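Residues per chain, in single letters:
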Amino acid sequence: MDATRRVTAVLGPTNTGKTHYAIDRMLAHRTGVIGLPLRLLAREVYDRIVAKVGPSVVALVTGEERIVPDRTQYWVCTVEAMPLEIGADFVAVDEIQLCADADRGHVFTDRLLRARGLLETLFLGSDTMRSAIAALIPHVTFLKRDRFSTLSYTGSKKISRMPPRSAIVGFSVENVYAIAELIRRQKGGCAVVMGALSPRTRNAQVALYQNGDVDYLVATDAIGMGLNLDIGHVAFSSTAKFDGRRMRALYPQELAQIAGRAGRHTEDGTFGVTGEARPFDEDLIEAIESHRFSPVKKLHWRNAQLEFGTADRLIRSLEHPTSDEWLTRARDADDLTALKTLAAIPEVHDKLTDAKRVQLLWDVCRIPDFRSSSGPEHAALLTRIFHFLVGRGLGGGRIPTDWLATSIKRIDKTEGDIDALSRRLAHIRTWTYIAQRKNWVEDESHWRGETRAVEDRLSDALHAALTQRFVDRRTSVLLRRLKQKEALVAEVNDKGEVTVEGEFVGRLEGFRFRQDASTSPDAARTLAQAAIQALKPEFHLRADRFYNAPDTELDFTEQGGLMWGTNAVGKLIKGAEPAKPLVEPFVDDEAGPEVIEKVRRRLQHFIDRKVAAQFEPLLAMGRDEALTGLARGFAFRLSEAMGVLPRDAVANEVKELDQEARGALRKHGVRFGQFTVFLPLLLKPAPTRLRLVLWSLFNGLQEFPESPPPGLVTIPNIPDVPKQHYTLAGYHPAGTRAIRIDMLERLADILRQKDSRAGFEATPDMLSITGMTLDQFVDLMAGLGYKAEKGERPKVKTAEAPKAPEISAEAAAAIAAGQPIPEEVSILAPPPEPEPEAEAAAPELEVFYTFTWAPKPRFQRPERNAERPARPERKPQAEGEAKPQGDRPQGDRPQGDRRDRNRDGKPQGKPGEGQRHKGKGDRGERGDHKGGKPQPEKKPIYEARPPRPEKPIDPDNPFAVLMALKNKG
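Cut-offs applied
Residues numbered from 1 in each chain as written. Predicted model: local features only at pLDDT ≥ 70, side-chain atom pairs only at ≥ 80, totals over all residues. Heavy atoms only, no water. Helix = DSSP H or I, 4+ residues; strand = E, 2+ residues; numbered from the N terminus. Buried < 20%, exposed > 50% of the residue type's maximum accessible area, 1.4 Å probe, protein only. Areas by Shrake-Rupley, 256 points an atom, 1.4 Å probe, with all protein chains shown as cover. Patch = residues over 30% accessible without salt bridge, like charges linked within 9 Å, V, L, I, M, F, W, Y side chains within 5 Å. Salt bridge = Lys/Arg side-chain N within 4 Å of Asp/Glu carboxyl O. Lys, Arg positive; Asp, Glu negative; His and termini not counted. Charge placed at Lys NZ, Arg CZ, Asp CG, Glu CD. Contact = heavy atoms within 4.5 Å. Pairing = 2+ DSSP bridges. Phe/Tyr/Trp six-rings, centres within 6.5 Å; stacked < 30°, edge-to-face > 60°. Lys NZ or Arg CZ within 6 Å of the ring centre and 35° of its normal. Axes fitted to C-alpha atoms, helices over the stretch in contact; angles between N-to-C directions. Parallel < 35°, antiparallel > 145°, perpendicular 65-115°, else oblique. Left-handed = near helix turned anticlockwise from the far one by under 90°. Nonpolar A, V, L, I, M, F, W, Y, C, P; charged D, E, K, R; others polar. Polar contact = N/O pair within 3.5 Å; in protein donor to acceptor, adjacent residues only side chain to side chain. pLDDT = per-residue confidence, 0-100.

**Q** Explain the overall build of the protein residue by residue, including any values.
**A** Of the regular secondary structure elements, the protein holds 30 helices and 37 strands. Residues classed as buried in the protein amount to 46% of the 969 residues present. Surface exposure of the protein reaches about 50100 Å², of which carbon and sulfur atoms provide 51%.

Set out below in structure tokens:
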């Protein structure tokens, strides 16, 4: 090497402008080559040079990327891809201290010893290389660069307290992802930078950070190699890493290289630890802050004078030792390991017939294992490629186009998670590397473009996946706007979706803002404040629209909620009376008292009109001043019960009503049924639904009973449900079912016409009214106080209609010929001979039930020898005097049941028959009345007895004659 060629070593810590200085020096020459440690950094330097001189004279050459214009003057390369034979005026190698790296050190050492520019050579790196460079390169000039800013240690910090513009460093993919996920939850998001990312993905992630979309960066030690980022603080989550063979602690100079990324140009930077990383000791802190480290003593070296005669000679040349005290033979790299593996394969060894094939095998073995697959898997791929390239001639083969296309197509899929996309990117890097090799594939330019396009698509998909997983864009936009002290712009669309700076932050439900729960805690308060500011005018607009909305847009729920469309806008609360509920609006306090009052008034108007419309007959009865005395009191009781009263609960009041009072109440639609006193109009589905809500609200129930679906005649009788709930819903429990009140009264009207003592059967009308089968009807009648006796009888078949007589054959022939029928010809055919009677079949039986009135006794029958109290004498009734009857109270025996009495006036028959019972309890329970007062509840027996008309006794009635005779006696 000509000693007159100027060689300069520019040494110093990070942030000293060494790379910037090298770029300026290269552009001062006509041609130049600069080698960089990472393809990510190579792409960054390439973009900077292109911005200055244009793309037509700048080449980018890495293992997977090759951009070489026809008039190339400046080459930007990775160190492994540097062209050494072109004779450039300027050559520079960055991060020259990597000569001491166990994996790649031999490559940097080779460039240190052999790469020279015709006019100028620069080696950029740490000051620890000064002694080694001085010993190995004669006439070298050293240029020391000082750091532009101060670097200081700040100790340990939790990630939740990490300052903005920080980079957290991890040394495994799992660690990086875990930290990024934690930062997304606590800080809104972060960018992710790893050496395995493609340049396109890495640039997109760095842009997120550099543009201020996120304030945090999570990275591996890849950021230590010259990536110029706006970082204020570097935090180490760990101080150990796996170097490919073992876990080891990072060297002080490695920690300093990464920590030195903090501080941009003249801005001071800080470094520290976080997570489980132990704090640095004083000596290490001082070394990093003062940039003083132990000098490099040994450089990793591998013989560059290779012999390609045979595979064994090539391996021996690669393993050739060195006698230089500054150099040490590098350990077997991946390419040398692959060479030994393939050379041992007989099929490969047999094809190594000359030096060219050995050199081709060496080129194949240098394909990096981007996939980090197992050794045998990578060796199998290399073996197949070697067989393709050897072909039939002397190394003149090509990789088959179909096989290459199939392999690439299998990778070209952009769906999947981060790990799947990362694996595909690693695979496509292999094919990108192969496509860059000269004469390995047909139509090299096509496959270079194809592999580059696939890598770009996968890179974009990976960037999107990383951003979606680790960046809360909504919060990052908010934080950037706040940092820039700009007013946040919020909007509300027609669907009530609230956006701040175009990002969804919540939804306006009625008059309440529901913030999106996924917002990070740090941004939630500011998001809510910005949204409320935008919602203030919206609240007023909605209140005006709501106030003028028709009642058809409003509704109430069966639990007392008030709805406007699908949004809850309030709820009902207890008022002074059941039919006068109050409302409580659901309006955020930020809307203001004016909006709250407007919503409350509109809701109150709605429910008042709803009650007035549904309970109009009941309210009209309450306003009727013609009702006086007992009738007015009974109307009040009916209003309290909201139109439905069990008959047994008001038996005494009903007895006290005279015909005039009853007539006045009937004018308002009141029906005095045997089981219930009710207004039929209030049994419709809409009033029933409202009645259940208002009654439950007034009585303070926590859960309101729901009204049955409309149209059902019977519903299940659930024991845990109180009877009053059934009554309010318009049903009467009887047995295992509850029957609708109006249908029950229709059934009672039919039962009054039956003789309940002698017994009767169910008619089709009874079953039609209840909508039940016969077995279900038996259970219903048992609940009403009837006893059913089961029987069987032959089923009566419907008689067949007699067949028309058939015409005889002679008569039919005469008619067909158009001739008159002779007198001697019989018109009718003779009757058919009777068939012999078959053996009588067993008659088909049918099941029937006989119902009799069987109420339970009101009192226990006294013992036979017990002294019975004297029966009060009955006052004789004058002939023609009207006997008061009115509506019979519930529990009386049916009208059709006639009882005979003995001479002493005592009833005959079984104990308890003929005694009056006033039913009061739930589902067959009864109560007794003594002295007109209700007694404790017992199981009642319901009796189908019609009310007696209040009219004078007919003189022609035989019972009247008997009564007259009795009075005369």
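The discussion continues.
**Q** Any details on a negative patch on the surface? Residues and values, ideally.
**A** There is a patch of like negative charges on the surface, built from Asp281, Glu282, Asp283 and Glu289. Overall, Glu282 belongs to the exposed group, its relative accessible area being 62%.

**Q** Could you give an account of the pattern of salt bridges, naming the residues involved and the relevant values?
**A** Under the defined criterion, the tally for this structure stands at 47 salt bridges. Taking the shortest distance from any N to any O, the salt bridge between Asp544 and Lys598 comes out at 2.6 Å. With a gap of 54 residues between them, Asp544 in helix α18 (residues 521-547) and Lys598 in helix α19 (residues 593-614) connect regions that are remote in the sequence. For Asp544, a relative accessible area of 36% gives the class partly exposed. By relative accessible area, which is 19% here, Lys598 ends up buried. Among the charged side chains, a salt-bridge network with shared partners connects Arg43, Asp47, Glu65, Arg200, Arg452, Asp456 and Asp460.

**Q** Break down helix α3 (residues 105-114) for me, with residues and values.
**A** Counting buried residues in α3 gives eight out of 10 residues, a clear majority hidden from the surface. Within the span of α3, buried status applies to Gly105, His106, Val107, Phe108, Thr109, Asp110, Arg111 and Leu112. On its buried face, α3 sits against β6 (90-93), β7 (120-125), α4 (130-136), β17 (299-301) and β18 (327-329).

**Q** Go over the pairing of strand β20 (residues 497-500) with me, naming the residues and quoting the values.
**A** In β20, alternate side chains face the same way, and those of Val498 and Val500 are buried while those of Glu497 and Thr499 on the opposite face are not. Pairing analysis gives three bridges linking strand β19 (residues 490-492) to β20, with the strands arranged antiparallel. Directly across from Glu491, in β20, lies its bridge partner Thr499. Between β19 and β20, which pair antiparallel and follow one another directly, the connecting turn spans four residues, one of which, Gly496, has a positive phi of 85°. Summarising the sheet, β20 and strand β21 (residues 503-509) pair through four bridges and their orientation is antiparallel. Paired with Val500 across the bridge in β21 is Glu503.

**Q** A description of the pairing of strand β22 (residues 512-515) should follow, citing residues and the corresponding values.
**A** Direction of pairing for β21 relative to β22: antiparallel, over a ladder of four bridges. Directly across from Glu509, in β22, lies its bridge partner Arg512. Between β21 and β22, which pair antiparallel in sequence order, lie two residues; one of them, Gly510, sits at a positive phi of approximately 70°.

**Q** Got a sec to walk through unusual backbone geometry? Specific residues and values, please.
**A** Backbone geometry places His291, a non-glycine residue, at a positive phi of 60°. You can see His291 is positioned in the loop between α8 (282-290) and β17. Positive phi, normally seen in glycine, also occurs at Met642, with a value near 60°. Take Met642: it is sitting in the loop between α21 (629-640) and β27 (644-646). Taking relative accessible area as the criterion, Met642 reaches 2% and is therefore assigned buried.

**Q** Pulling in residues and values, what's your account of helix α12 (residues 355-365)?
**A** The α-helix winds at 3.6 residues per turn, so residues separated by three or four positions along the chain end up facing the same way. Of the positions making up α12, those classed as buried are Arg357, Val358, Leu360, Leu361, Trp362, Val364 and Cys365. Buried residues along α12 sit in contact with α9 (311-318), α10 (334-343), α11 (346-349) and α13 (375-390).

**Q** Which residues make up the packing of aromatic side chains, and what values do they have?
**A** Inspection of every chain in the model, using the stated rule, returns 16 aromatic pairs. With centroids separated by 5.9 Å and ring planes inclined at 35°, the aromatic side chains of Phe760 and Phe851 adopt a geometry described as tilted. With Phe760 in the loop between α26 (741-751) and α27 (764-770) and Phe851 in strand β34 (residues 845-853), the pair connects residues that are 91 residues apart, well separated along the chain. Here the two residues Phe760 and Phe851 agree in accessibility, since each one is buried. Here the aromatic cluster, defined as three or more aromatic residues joined through ring pairs, consists of Phe760, Phe777, Tyr786, Phe851 and Trp853. Lying across the ring of Tyr177, Arg469 places its NZ or CZ 5.3 Å from the centre. Sitting above the plane of the Phe698 ring, Lys574 keeps its charged end 4.7 Å from the centroid.

**Q** Explain the packing of α10 against α13 residue by residue, including any values.
**A** Geometrically, a packed helix pair is captured by the angle between its two axes and the distance between the axes. For the pair α10 and α13, the least separation of the axes is 10 Å and the interaxial angle reads 65°. When the interaxial angle is binned, α10 and α13 end up roughly perpendicular. Handedness of the α10/α13 crossing: right-handed. Where α10 approaches α13, its residues Ala338, Thr341 and Leu342 are matched on the opposing element by Ala379, Leu382 and Thr383. Taken together, the residues that form the contact of α10 with α13 break down as four nonpolar, two polar and no charged.

**Q** Tell me about the side chain of Arg662, and please be specific about residues and values.
**A** Here Arg662 shows up in helix α23 (residues 659-666). Note on Arg662: relative accessible area 1%, which makes it buried. Within the local environment of Arg662, its side chain forms a polar contact with the backbone oxygen of Val654, the two atoms lying 2.6 Å apart.

**Q** Could you give an account of the sheet that holds strand β32 (residues 737-740), naming the residues involved and the relevant values?
**A** With respect to topology, three strands assemble into an open sheet ordered β30-β32-β31, the strand pairing being antiparallel. Edge positions in the sheet fall to β30 (714-716) and β31 (731-734), since each has one partner strand and no second. Each strand axis lies, on average, 30° off the axis of its neighbour in the sheet, ignoring direction. Alignment of β31 against β32, held across four bridges, turns out to be antiparallel. If you follow His732 over to β32, its bridge partner there is Ile739. Across the face of the sheet, α26 comes into contact with β31 and β32 while running at roughly 85° to β32.

**Q** I'd love a proper account of the sheet that holds strand β26 (residues 582-585), names of residues and values included.
**A** In spatial order, the strands read β23-β24-β25-β26; together these four strands make up an open sheet with antiparallel pairing. For this open sheet the edge positions go to β23 (554-556) and β26, each flanked by a neighbour on one side alone. Ignoring strand direction, the axes of neighbouring strands in this sheet form an average angle of 30°. Examined bridge by bridge, β23 and strand β24 (residues 561-564) share three bridges and lie antiparallel to one another. Looking at the pairing, Asp555 lines up with Met563 of β24. Its contacts with the sheet place α19 against β23, β24, β25 (567-573) and β26, and it is angled at close to 145° to β26.

**Q** An account of the packing of helix α14 (residues 401-411) against helix α16 (residues 444-470) is requested, with residue identities and associated values reported.
**A** Contact pair α14 / α16: the axes reach a minimum separation of 10 Å and the direction vectors enclose 10°. As summarised for this structure, α14 and α16 are arranged roughly parallel, according to the angle between their axes. Contact residues: Thr401, Leu404, Ala405, Ile408 and Ile411 in α14; Trp447, Thr451, Val454 and Leu458 in α16. In terms of residue class, the contact of α14 with α16 is built from seven nonpolar, two polar and no charged.

**Q** So what about the environment of Leu250? Which residues, and what values?
**A** You can see Leu250 is positioned in the loop between β15 (247-249) and α7 (252-259). Leu250 sits 10 residues away from Ala240 along the chain, and the two C-alpha atoms are 5.4 Å apart. If near-sequence neighbours (up to four positions away) are discounted, Leu250 is found in contact with Phe171, Thr239, Ala240, Lys241, Leu255 and Ile258.

**Q** Before we move on, could you go through the confidence of the model for the protein and cite the residues and values that matter?
**A** When pLDDT is averaged along the protein, the result is 82; 80% of the residues meet or exceed 70. Segment residues 858-945: pLDDT under 50, and 210 contacts once partners within four positions in sequence are set aside and those in other chains are kept. Across residues 958-962, where pLDDT falls below 50, the model places four contacts with residues more than four positions away in sequence or in other chains.

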